[in-house]
Amino acid sequence: MANIKFVNENQEIIAADGANLRIKALEKQIDLYTFMGKMMNCGGYGQCGTCIVEVVEGMENLSPRTDTEKRILKKKPESYRLACQTMVNGPVTIKTKP
């Protein structure tokens, strides 16, 4: 099981290994998007880059960056991920809207 802790929201979610970070966050009403992202997100297909999160702890428990993430996040810190492209396989601490 994967514990996903959201720092800004002070919430913790328990998810099955391999769960998609974006889907789990939205299921628990955790807001991943800024104002523009709410109106213009791609729905989880990795095309818009609006679901960026910062991994505070547990990067080793996430799936590797996809080619899409490498392209969209090439000028961002290594700790940034797209929630829609990230699978969780263990405990992780996330900061939304970095």
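Residues numbered from 1 in each chain as written. Predicted model: local features only at pLDDT ≥ 70, side-chain atom pairs only at ≥ 80, totals over all residues. Heavy atoms only, no water.

1. Things to note about the environment of I30
Note the following rule: Starting at the N terminus, helices and strands are each numbered in turn, a helix being any DSSP run of H or I of at least four residues and a strand any DSSP run of E of at least two. Relative accessibility thresholds used throughout: buried, under 20% of the residue-type maximum; exposed, over 50%; partly exposed, between the two (1.4 Å probe, protein chains only). Throughout, a residue-residue contact means that at least one pair of heavy atoms, one from each residue, lies within 4.5 Å.
Along the chain, I30 falls in the loop between α1 (21-27) and α2 (35-40). We classify I30 as buried; its relative accessible area is 2%. Between the C-alpha atoms of I30 and L73, which are 43 residues apart in sequence, the distance is 22 Å. In this structure I30 touches F6, E9, Q11, I13, A25 and T96, once residues within four positions along its chain are discounted.

2. Examining the pairing of strand β4 (residues 52-57)
Rules: A pair of strands is considered paired only if DSSP assigns at least 2 bridges between the two.
Two strands pair when backbone bridges link them, and β4 and strand β5 (residues 80-82) are joined in this way by 3 bridges, in the antiparallel orientation. Across the sheet, the residue bridging to V53 is R81, located in β5. Summarising the sheet, β4 and strand β7 (residues 92-96) pair through 4 bridges and their orientation is antiparallel. If you follow V55 over to β7, its bridge partner there is I94.

3. So, the sheet that holds β7
Stated precisely, the cut-off is as follows: Axis lines are fitted through C-alpha atoms, for helices just across the contact stretch, and the angle between N-to-C directions can take any value from 0 to 180 degrees.
Taken in spatial order, the 5 strands of this open sheet run β2-β1-β7-β4-β5, and their pairing is mixed. Strand pairing shows two members of the sheet lacking a second neighbour, β2 (11-15) and β5, which therefore form its edges. In this sheet, adjacent strand axes meet at a mean angle of 35° when their direction is disregarded.

4. Observations concerning the pattern of salt bridges
The cut-off we apply is this: Every case where a carboxyl oxygen of Asp or Glu lies within 4 Å of a side-chain nitrogen of Lys or Arg is listed as a salt bridge.
Applying the stated criterion to the full structure yields 3 salt bridges. For K24, the salt bridge identified is with E27, shortest N-O distance 3.0 Å. Here K24 and its partner E27 are both found in helix α1, 3 residues apart, which amounts to about one turn of the helix. On the basis of relative accessible area, K24 is assigned to the partly exposed category, the value being 22%. Overall, the relative accessible area of 45% leaves E27 in the partly exposed class. Between D31 and K97 there is a salt bridge whose closest N-O contact spans 3.4 Å.

5. Description of the confidence of the model for the chain
When pLDDT drops low, the exact placement of atoms in the prediction is not to be read closely. Let me state the cut-off plainly: Within a predicted model, pLDDT stands for the predictor's per-residue confidence, ranging from 0 to 100.
Per-residue confidence for the chain gives a mean pLDDT of 94, with 100% of residues at or over 70. At the low end of the mean pLDDT range in the chain sits α2, at 78; at the high end sits β5, at 98.

6. Section: the environment of P91
When you line up the elements, P91 lands in the loop between β6 (87-88) and β7. What makes P91 exposed here is its relative accessible area of 52%. Along the sequence, P91 and I4 sit 87 residues apart, while their C-alpha atoms lie 5.9 Å from each other. Non-local contacts of P91, meaning those with residues more than four positions away in its chain, are made with N3, G58 and N61.

7. Notes on the nonpolar core
Considering soluble globular proteins, one finds that nonpolar side chains tend to be buried as a cluster. Rule in force here: Nonpolar cores are built from buried Ala, Val, Leu, Ile, Met, Phe, Trp, Tyr and Cys residues. Side-chain atoms within 4.5 Å join them into one set.
I4, F6, L21 and I94 are the most contacted members of the largest nonpolar core, which has 24 residues in total. Look past the residues within four positions of L21 in its chain and what remains in contact with it is I4, F6, V53, A83, T86, V88 and I94.

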